[in-house]
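One-letter residues, chain by chain:
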Amino acid sequence: MDIREAQEHIKRLYYERDSARGVFATFTWFAEEVGELAEALLHMDRGMLEEELADVFAWLLSIANLVNVDLEEAFKKKYPGHGSF
């Protein structure tokens with residue numbers, strides 16, 4: 001699965017709920033997940049790190065959906081590679 005596919009997957013699952021909540025409240029949930037990731041980093045717990053990194057990524061994709069940004073394109077534009085991704 002690439003970033004665009006992940007973003008579409010999250011959109012199918014959560015866009016309606018995220019839209020009803022709004023972008024700023026969704027960002028608050030994202031920030032909470034970043035805090036949980038910080039906690040996982042403090043403990044260096046592999047399982048917790050995987051879970052929290054996935055949560056942060058999912059919430060970031062939700063925000064990108066709400067503001068209509070293709071995160072894969074934005075990433076490629078900001079961090080161009082030497083060849084294809």
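Residues numbered from 1 in each chain as written. Predicted model: local features only at pLDDT ≥ 70, side-chain atom pairs only at ≥ 80, totals over all residues. Heavy atoms only, no water.

**Student:** How should the nonpolar core be read in this particular structure?
**Tutor:** In terms of nonpolar packing, the biggest core is built from seven residues, these being Phe-30, Leu-37, Ala-40, Leu-49, Val-56, Trp-59 and Ile-63. Listing elements by their share of this core, those giving two or more residues are helix 2 (23–43) and helix 3 (46–66). Ranked by residues supplied to this core, first place goes to helix 3 with four residues. In contact with Ile-63, other than residues within four places in its own chain, are Thr-26, Phe-27 and Phe-30. With five residues, the next largest nonpolar core counts Ala-6, Ile-10, Ala-64 and Leu-71 among its residues. (Core = buried A, V, L, I, M, F, W, Y, C linked by side-chain atoms within 4.5 Å. Buried < 20%, exposed > 50% of the residue type's maximum accessible area, 1.4 Å probe, protein only. Helix = DSSP H or I, 4+ residues; strand = E, 2+ residues; numbered from the N terminus. Contact = heavy atoms within 4.5 Å.)

**Student:** Just checking my understanding: could you explain the environment of Glu-32 for this structure?
**Tutor:** One can find Glu-32 in helix 2. Using a relative accessible area of 41% as the deciding quantity, one classes Glu-32 as partly exposed. Placed 42 residues apart in sequence, Glu-32 and Ala-74 show a C-alpha to C-alpha distance of 24 Å.

**Student:** For this particular structure, what's the right way to read the UniProt feature "domain: NTP pyrophosphohydrolase MazG-like" (unreviewed entry) in the protein chain?
**Tutor:** The UniProt entry lists residues 27–77 under the feature "domain: NTP pyrophosphohydrolase MazG-like" (unreviewed entry), expressed in the numbering used here. Helix makes up 88% of residues 27–77 and strand 0%, and the two end C-alpha atoms of the span are 23 Å apart. (UniProt positions renumbered as here; feature names shortened; annotations may be inferred.)

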